[in-house]
Amino acid sequence: MLTVAMPKGRIFEEAVELLRKADYTLPPEFAESRKLVIEVPEENMRFILAKPMDVVTYVEHGVADLGIAGKDVMMEEERDVYELLDLKISKCHLAVAGLPGVRMNQIAPRVATKYPNIASSYFREQGEQVEIIRLNGSIELAPLIGLADRIVDIVSTGRTLKENGLVEFEKIADVTSRLIVNPVSYRMKDEAIDRLVERLSAVIPQ
Ligand code: PRP
C-alpha cells in the first residue's frame with residue numbers, strides 16, 4: 001500500500017488529472033469530497049489531503065510515502081525528502097511585486113510574504129536589508145494598506161496583481177509541482193514507487 005499526500009487547493013485538480021492520465025482509477029467524487037483520507041483499494045493506494053505547505057511534513061515524517069508539493073514549498077525549507085520527478089504541472093513563479101512607482105523605503109523596507117526564508121535570502125543576495133513580515137495568505141493586501149513596501153509571492157495568471165493595481169518587479173524562480181518521497185519508503189517500497197514514477201513520467205506534459 002502506498003500513501004500519497006495530495007495538496008488541497010489549486011494544485012489538486014491538475015494533480016488528479018495527471019494521475020488519471022497515468023491510468024490510475026480514482027473515485028469520481030475524489031475532487032468534491034470533504035474526506036481527508038481516501039482509500040483506493042483497486043490501486044492499493046491511499047491518498048491524504050493536506051494543505052500544500054503541510055504535504056512535505058507528512059512525507060518527511062513517513063506517514064505518507066509520497067507527496068505532490070510545489071517547488072516553492074521545497075525551496076522555503078530544507079526537508080528530509082527526495083524529489084523524484086518534476087511533474088511540470090501548476091506552472092507559476094515566485095516574484096517580487098508592489099505598487100507601481102513606489103520605491104522601497106530606504107530606511108526600514110518591509111517585505112510581506114508567506115515565504116520568509118526565500119524572501120530573506122533573495123534580498124540578502126541583492127545586498128538589501130529588509131524586514132520580513134510573515135503573512136499566511138492574501139499577501140497582495142499588504143502593500144495596498146501600507147503594511148509593506150514589497151511582497152514576495154506566487155504569480156500564476158497575474159490576475160491578482162493586476163486587479164489590485166500591483167506590478168511585478170523581479171522574478172525570483174520558476175515553480176512547478178514535484179513528486180517527493182520519504183527516503184525510508186523509497187528503500188522499503190522501491191518497486192511500487194518505481195512503477196508509479198514510470199507511469200507518471202509517461203504522461204508528464206512537455
Ligand atoms: C496564490 C498567490 C496569489 C495568487 C496568484 O494565492 O499567493 O495570491 O494565487 O494567482 P494569479 O496570478 O493567478 O492571480 P492563493 O489563491 O493560493 O491563496 P492565498 O492568498 O491564500 O495564498
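Residue positions within a chain follow its written sequence, with the count starting from 1. Only residues with pLDDT of at least 70 are given local features in this predicted model, and only at 80 or more are side-chain atom pairs given and counted; all residues enter the totals for whole chains, interfaces and linings. Hydrogens are left out, water is left out, and the side-chain values use all remaining heavy atoms of the structure.

Looking at unusual backbone geometry
- Phi angles above zero are rare outside glycine, and D23 is one such case at about 75°.
- Helix and strand definitions here come from DSSP, where helices need a minimum of 4 consecutive H or I residues and strands a minimum of 2 consecutive E residues; each element is numbered from the N-terminal end. Locating D23 in the fold gives a position in the loop between α1 (10-21) and β2 (37-40).
- Phi is positive for N44, close to 60°, though the residue is something other than glycine.
- Within the secondary structure, N44 is located in the loop between β2 and β3 (45-50).
- Burial classes: relative accessible area under 20% of the type maximum marks a residue as buried, over 50% as exposed, and values in between as partly exposed (1.4 Å probe, protein chains only). Overall, the relative accessible area of 44% leaves N44 in the partly exposed class.

Notes on the domain arrangement of the protein
- Segmentation of the protein into domains returns domain 1 (2-90 + 176-201) and domain 2 (92-173).
- For the domains described, the bounds stem from an automatic or database domain assignment. Centre-to-centre separation of domain 1 and domain 2, based on C-alpha positions: 29 Å.
- Only heavy atoms matter for contacts: two residues are in contact if any of them lie within 4.5 Å across the pair. Between domain 1 and domain 2, the residue contacts involve 7 residues of the former and 10 residues of the latter.
- Each of two parts loses accessible area, computed with a 1.4 Å probe, when they are put together; buried area is these two losses added. For the domain 1 and domain 2 pair, buried surface summed over both sides reaches about 710 Å², with 57% attributable to carbon and sulfur atoms.
- Contact with domain 2 buries area across many residues of domain 1, yet D72, M75 and E76 alone supply 64% of it, more than any other trio.
- The salt bridge definition used is simple: a Lys or Arg side-chain nitrogen within 4 Å of an Asp or Glu carboxyl oxygen. Our count for the contact surface shared by domain 1 and domain 2 stands at 0 salt bridges.
- Any pair of nitrogen or oxygen atoms within 3.5 Å is treated as a polar contact; in protein, a donor-acceptor pairing is required on top of that, and neighbouring residues in sequence qualify only through side-chain atoms on both sides. Remark: the boundary between domain 1 and domain 2 carries 4 residue pairs in polar contact (both at pLDDT 80 or more).
- When residues in the side of domain 1 that touches domain 2 are grouped by element, the largest group, 3 residues, is from helix α3 (residues 71-76).

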